[in-house]
There are 2 protein chains.
Amino acid sequence: MKREKGLLIVLSGPSGVGKGTVCGALREKDTQIKYSVSATTRKPREGEVDGINYFFKSHEEFERMIAEGDMLEHAKYVSNYYGTPRKYVEEELEKGHDVILEIEVQGALQVKESFPEGVFIFLMPPSLNELRSRIEGRGTETDDLIDSRMTVAKEEIDMMDKYDYVVENDKVELAVSRIQSIVTAENCRKDRLIHQYKQLMED
Amino acid sequence: MKREKGLLIVLSGPSGVGKGTVCGALREKDTQIKYSVSATTRKPREGEVDGINYFFKSHEEFERMIAEGDMLEHAKYVSNYYGTPRKYVEEELEKGHDVILEIEVQGALQVKESFPEGVFIFLMPPSLNELRSRIEGRGTETDDLIDSRMTVAKEEIDMMDKYDYVVENDKVELAVSRIQSIVTAENCRKDRLIHQYKQLMED
């Protein structure tokens, strides 16, 4: 029993929690879900490929896309833009495909305004100490930047209340498996299925 | 991250849909969930064991338990009582264990009055024709009884609206896997976790 429209899944959480790693592992394990590629003005990290990990844009290009309404959401984080091109997401949902967005907390709340029926998942570090270790472990930030990221992270964790689910990222494979269960469960929700079932019973 | 109290899962659906088979398969696969044993006044079918499949009671015994408030829910279906002894369920939930009830539709709606926070799963046949075949296949019913069961089943399907999830019982192993996903997902619901997380962040 397939709904007419796909499910929009929004995976978010504080910076450094491991959204990218979890989303990458989910992508390898589940080839049914469509992955929206975000746009960003930040520099590519080693190994990141334009159009696969992100669409890497200049500030000018990004601001033009915002102005033209081509972004489903966008946020400025530290000094860079992150955003989700709207077109791909809407097209895939219309085809009945489930789509996942891996985005920052500010952006997720913007998406919720357009898609209140979306499934909002908050990825959570096992503890704040563990979060700090993960941010430090990246080795790309100065101490001041780490402190500033931790302050932002705590504010972001306070936003948990706006989400539907909280998934602990204790181990990547466990987090991935929980997210897959959430997608399966949401596809069984009565509210999403009842019209098709009433139809089936009348036929 | 474990909630303080267990999750009450109610598996229901029209008579003949295969609740018992699905619940038995879930029981073999998942030894964490506690299974509430129902009481009934109907005769044991071949292979059914008292205290395992049901507590088999006389009409007099059953009515005494109702009168003494020992039943979480009960229903009279065709000419027999079915019900859930209250004590076991409440004790296991208090210990933090998830508990599953496999019960008739009338009973499920009674449980919802006492446990609105429970997870209500409606097991659905792939079609009404398939449901009739399954009822006929049991070989325990006359034609008149089959017709009467089908009428009741259609009324029960109209109750789907009162449930949280609809799980199609196309194949037992698929239905079991969907139910396991629902349990995992419900254990990740923000509303069930947020108090513990706020605590964790303050520590």
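Look up: the structure comes first, before these words.
Presented here is a report on the structure given in the accompanying data block. Computed from a predicted structure; not experimentally measured. (Residues numbered from 1 in each chain as written. Chains lettered and ligands numbered in written order. Predicted model: local features only at pLDDT ≥ 70, side-chain atom pairs only at ≥ 80, totals over all residues. Heavy atoms only, no water.)

Structural notes on the overall build of chain A
Helices and strands together make up the secondary structure of chain A, namely eight helices and nine strands. Whereas a compact globule of 203 residues would reach a radius of gyration of roughly 17 Å, chain A reaches 18 Å, a difference of no more than 12%. Dimensions along the principal axes, computed over C-alpha positions, put chain A at roughly 65 × 40 × 30 Å. On chain A, roughly 9900 Å² of surface is accessible, and the fraction owed to carbon and sulfur atoms is 46%. Of the side chains in chain A, 29 bear a positive and 39 a negative charge, and the two mean positions are spaced by 2 Å. (Helix = DSSP H or I, 4+ residues; strand = E, 2+ residues; numbered from the N terminus. Rg over C-alpha atoms; globule rule 2.2 N^0.38 Å. Areas by Shrake-Rupley, 256 points an atom, 1.4 Å probe, with all protein chains shown as cover. Lys, Arg positive; Asp, Glu negative; His and termini not counted. Charge placed at Lys NZ, Arg CZ, Asp CG, Glu CD.)

Topic: the packing of helix 1 (residues 19–29) of chain B against helix 7 (residues 172–187) of chain B
Residue and element names in this part refer to chain B. Remark: helix 1 packs on helix 7, axes separated minimally by 9 Å, with the N-to-C direction vectors making an angle of 65°. As for how helix 1 packs across helix 7, the hand of that crossing is right-handed. Here T21, V22, A25, L26 and K29 of helix 1 lie close against helix 7, whose contacting residues are V172, A175, V176, S177, I179 and Q180. By residue class, the composition of the contact of helix 1 with helix 7 is seven nonpolar, three polar and one charged. (Axes fitted to C-alpha atoms, helices over the stretch in contact; angles between N-to-C directions. Left-handed = near helix turned anticlockwise from the far one by under 90°. Contact = heavy atoms within 4.5 Å. Nonpolar A, V, L, I, M, F, W, Y, C, P; charged D, E, K, R; others polar.)

Remarks on the relation of the copies chain A and chain B
If you rotate chain A by 180° and push it 0.0 Å along the axis, it lands on chain B with an RMSD of 0.0 Å. On this basis, the relationship between the two copies can be described by a two-fold rotation axis. For chain A, the smallest separation between a C-alpha atom and the rotation axis is recorded for S181 of chain A, amounting to 2.1 Å. Interface overlap between copies is the fraction of interface residues in one copy that are interface residues in the other; for chain A against chain B it reaches 100%, indicating a shared surface. (Least-squares fit on C-alpha atoms with pLDDT ≥ 70 in both.)

Some details on the packing of aromatic side chains
Between two aromatic rings, the relevant description is the distance of the centres plus the angle of the planes. Taken as a whole, this structure holds 10 aromatic pairs over all chains when the rule is applied. Consider the rings of Y54 of chain B and F56 of chain B, whose centres lie 5.7 Å apart with planes at 55°: the pair is tilted. Grouping residues by exposure puts Y54 of chain B and F56 of chain B together as buried. With centroids separated by 6.2 Å and ring planes inclined at 65°, the aromatic side chains of Y54 of chain B and Y82 of chain B adopt a geometry described as edge-to-face. In this pair, Y54 of chain B is assigned in strand 4 (residues 54–56) and Y82 of chain B in strand 6 (residues 80–85), connecting sequence segments 28 residues apart. For Y54 of chain B, a relative accessible area of 12% gives the class buried. Within the aromatic cluster, the residues linked to one another by ring pairs are Y54, F56 and Y82 of chain A. (Phe/Tyr/Trp six-rings, centres within 6.5 Å; stacked < 30°, edge-to-face > 60°. Buried < 20%, exposed > 50% of the residue type's maximum accessible area, 1.4 Å probe, protein only.)

Here's the deal with helix 6 (residues 143–157) of chain B
Residue and element names in this part refer to chain B. Taking 1.5 Å as the rise per residue, helix 6 with 15 residues should run 21 Å; its terminal C-alpha atoms sit 21 Å apart, in good agreement. Within helix 6, burial applies to I146, R149, M150, A153, E156 and I157. For helix 6, the buried positions fall inside an angular range of 120° around the axis, keeping them on one side. (Expected span 1.5 Å × (residues − 1). Arc of directions from axis to C-beta.)

Notes on the sheet that holds strand 1 (residues 8–12) of chain A
All names here are of chain A. Across the sheet, which stays open at both edges, the five strands sit in the order 2-7-1-8-9 with parallel pairing between neighbours. Here the strands that pair on one side only, and so sit at the sheet edges, are strand 2 (34–35) and strand 9 (165–168). The pairing of strand 8 (residues 119–124) with strand 9 spans four bridges and is parallel. Each residue of the ladder has a partner; that of M124, found in strand 9, is E168. (Pairing = 2+ DSSP bridges.)

Regarding the pattern of salt bridges
All names here are of chain B. Counted by the stated rule, this structure contains 26 salt bridges over all chains. One salt bridge in this structure joins E136 and R132, with 3.3 Å as the shortest N-O distance. Placement of both E136 and R132 in helix 5 (residues 128–137) is noted, with a separation of four residues, approximately one turn of the helix. Classification of R132 by relative accessible area gives partly exposed; the value is 28%. (Salt bridge = Lys/Arg side-chain N within 4 Å of Asp/Glu carboxyl O.)

Section: the side chain of S15 of chain A
Residues and elements named next belong to chain A. Position of S15 among the secondary structure elements: in the loop between strand 1 and helix 1 (19–29). Under the relative-accessibility criterion, S15 is labelled buried at 4%. Among the polar contacts made by the side chain of S15, one reaches the side chain of R149 at a distance of 2.5 Å. (Polar contact = N/O pair within 3.5 Å; in protein donor to acceptor, adjacent residues only side chain to side chain.)

Section: the interface of chain A and chain B
On the side of chain B, 27 residues touch chain A, which itself brings 27 residues to the contact. Buried area between chain A and chain B, summed over both chains or domains, comes out near 2600 Å², and the portion from carbon and sulfur atoms is 66%. Run the count over chain A and chain B and you get two salt bridges. For the salt bridge of K190 of chain A with D161 of chain B, the shortest nitrogen-to-oxygen distance reads 3.6 Å. Linking chain A with chain B are eight residue pairs in polar contact (both at pLDDT 80 or more), by the criterion used here. For the side of chain A that touches chain B, the secondary structure elements donating two or more residues are strand 9, helix 7 (172–187) and helix 8 (190–202) of chain A. When its residues are assigned to classes, the side of chain A that touches chain B shows 18 nonpolar, two polar and seven charged. (Buried area = accessible area lost by both parts, 1.4 Å probe.)

Quick word on the environment of A75 of chain A
Residue and element names in this part refer to chain A. As for its position among the elements, A75 is in strand 5 (residues 71–77). The class for A75 is buried, based on a relative accessible area of 5%. On a C-alpha basis, the gap between A75 and D143 in space is 23 Å, while along the polypeptide they are 68 residues apart. Residues within four places of A75 in sequence aside, it is in contact with N80, Y81, Y82, Q106, G107 and Q110.

Observations regarding helix 3 (residues 86–94) of chain B
Residue and element names in this part refer to chain B. Within helix 3, the full set of buried residues consists of V89, E92 and L93. Down the axis of helix 3, the smallest arc covering the buried residues is 100°, so these residues share one side. Seen from the open side of helix 3, the exposed residues pointing more than 90 degrees away from its buried face are K87 and E94. Contact partners of the buried residues in helix 3: strand 1 (8–12), strand 2 (34–35), strand 5 (71–77), strand 6 and strand 7 (99–102). Immediately beyond the C-terminal end of helix 3, within one or two residues, lies G96, with a positive phi of roughly 90°.

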